[in-house]
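# Secondary and tertiary structure notes
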Amino acid sequence: MVIQRIQSLFLLIAVVLLVIFMFTPFGFWNVTDGLADMGLAPLVAVSQQGVMVPVCVAALLSLIAIFLFKKQSVQKLVVALAIVSTLASAGMVIYLLTCSYADTNPQVVLHPQWGGGGLLLVGTLITLVAAYRFISADQRLLRSYDRLR
């Protein structure tokens with residue numbers, strides 16, 4: 001029995017949000033040279049490989065989970081792995097935005113600033129958790145139909 005499933009829509013939204021996150025600045029480097037402010041440089045996931053890898057893994061797992069609608073237990077596991085990968089990338093973004101970095105020149109200091117792109121990861125987590133909950137609800141519904149037979 002196949003049920004019309006809203007979790008596929010949530011998983012597609014999660015993939016779109018992760019792809020947008022890859023190319024949106026989640027922060028900015030505020031470069032200061034002694035007393036002079038040298039301006040802002042964008043901090044994008046594409047230029048940060050440590051963030052790029054778990055984001056790509058989460059996007060790929062979410063995309064794979066869309067096509068696993070006939071195997072709900074496997075789909076639930078894949079969505080859980082996508083949630084863990086998204087949490088890992090959110091942790092890396094938080095780390096990058098809270099630590100100051102020194103350049104090879106001791107007078108140049110890089111101060112990261114919040115850019116707002118990290119909210120895309122929060123939206124992704126919300127949609128992945130919603131998809132996980134709807135998969136669980138479908139499993140319960142199918143089990144109740146099996147009891148009626």
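Residues numbered from 1 in each chain as written. Predicted model: local features only at pLDDT ≥ 70, side-chain atom pairs only at ≥ 80, totals over all residues. Heavy atoms only, no water.

Under the 1.5 Å per step criterion, the end-to-end length of helix 1 (residues 7–23) is 25 Å for 17 residues, consistent within 8% with the ideal 24 Å. Three or more residues of helix 1 are buried, namely Gln 7, Phe 10, Leu 11, Ala 14, Val 15, Leu 17, Leu 18, Phe 21 and Met 22. What you see down the axis of helix 1 is that its buried residues fit within an arc of 165 degrees, all on one side. (Helix = DSSP H or I, 4+ residues; strand = E, 2+ residues; numbered from the N terminus. Expected span 1.5 Å × (residues − 1). Buried < 20%, exposed > 50% of the residue type's maximum accessible area, 1.4 Å probe, protein only. Arc of directions from axis to C-beta.)

This part is about the side chain of Ser 85. By the element assignment, Ser 85 lies in helix 3 (residues 72–98). What Ser 85 contacts, discounting residues up to four positions off in sequence, is Pro 54, Val 57 and Ala 58. (Contact = heavy atoms within 4.5 Å.)

As a further point, take the environment of Ala 58. Turning to its location among the elements, Ala 58 is positioned in helix 2 (residues 49–66). Note: C-alpha distance between Ala 58 and Ala 14 (44 residues apart in sequence) is 8.9 Å. For Ala 58, the contacting residues outside a window of four places in its chain are Leu 18, Ala 82, Ser 85 and Thr 86.

Bringing the nonpolar core into the picture now. Residues Phe 21, Phe 26, Val 51 and Val 93 are the most contacted members of the largest nonpolar core, which totals 21 residues. When residues of this core are assigned to their parent elements, the largest contribution, five residues, is made by helix 2. Those residues in contact with Val 93 that sit more than four places away from it in its chain are Phe 21, Phe 26, Val 51 and Leu 121. Within the second largest apolar cluster, 16 residues are counted, among which are Leu 61, Ala 65, Val 79 and Ile 135. (Core = buried A, V, L, I, M, F, W, Y, C linked by side-chain atoms within 4.5 Å.)

What follows concerns the confidence of the model for the protein chain. Residues of the protein chain with pLDDT of at least 70 account for 84%, and the chain-wide mean is 84. Here strand 3 (residues 101–102) is the element of the protein chain with the lowest mean pLDDT, 63, and helix 1 is the one with the highest, 94. (pLDDT = per-residue confidence, 0-100.)

With that settled, the discussion passes to the packing of aromatic side chains. How two aromatic rings sit relative to each other is set out by the distance from centre to centre and by the angle between their planes. According to the stated counting rule, one finds two aromatic pairs in the structure shown. With centroids separated by 5.6 Å and ring planes inclined at 25 degrees, the aromatic side chains of Phe 10 and Phe 134 adopt a geometry described as stacked. Taken together, the residues span a long stretch of sequence, with Phe 10 in helix 1 and Phe 134 in helix 4 (residues 119–148) at a distance of 124 residues. Taking the centre distance of 5.7 Å and the plane angle of 20 degrees together, the rings of Phe 21 and Phe 26 count as stacked. By relative accessible area, Phe 21 is classed as buried at 0%. (Phe/Tyr/Trp six-rings, centres within 6.5 Å; stacked < 30°, edge-to-face > 60°.)

As a further point, take the packing of helix 2 against helix 3. Two numbers describe how helix 2 lies on helix 3: the axes approach to 8 Å, and their chain directions differ by 160 degrees. Taken together, helix 2 and helix 3 sit at an angle that is classed as roughly antiparallel. Note that helix 2 runs across helix 3; the crossing there is left-handed. Of helix 3, the residues touching helix 2 (which contributes Gly 50, Val 51, Pro 54, Val 55, Val 57, Ala 58, Leu 61, Ser 62, Ala 65 and Ile 66) are Gln 75, Val 78, Val 79, Leu 81, Ala 82, Ser 85, Thr 86, Ser 89, Met 92, Val 93 and Leu 96. Grouping the amino acids of the contact of helix 2 with helix 3 by side-chain chemistry returns 15 nonpolar, six polar and no charged. (Axes fitted to C-alpha atoms, helices over the stretch in contact; angles between N-to-C directions. Parallel < 35°, antiparallel > 145°, perpendicular 65-115°, else oblique. Left-handed = near helix turned anticlockwise from the far one by under 90°. Nonpolar A, V, L, I, M, F, W, Y, C, P; charged D, E, K, R; others polar.)

Let us look at the side chain of Asp 138. Note on placement: Asp 138 falls in helix 4. Judged by its relative accessible area of 9%, Asp 138 is buried. Polar side-chain contacts of Asp 138 include one of 2.8 Å to the side chain of Gln 7. (Polar contact = N/O pair within 3.5 Å; in protein donor to acceptor, adjacent residues only side chain to side chain.)

Locating Ile 126 in the fold gives a position in helix 4. Overall, Ile 126 belongs to the exposed group, its relative accessible area being 56%. Between the alpha carbons of Ile 126 and Phe 10 there is a distance of 9.1 Å; along the sequence they are 116 residues apart.

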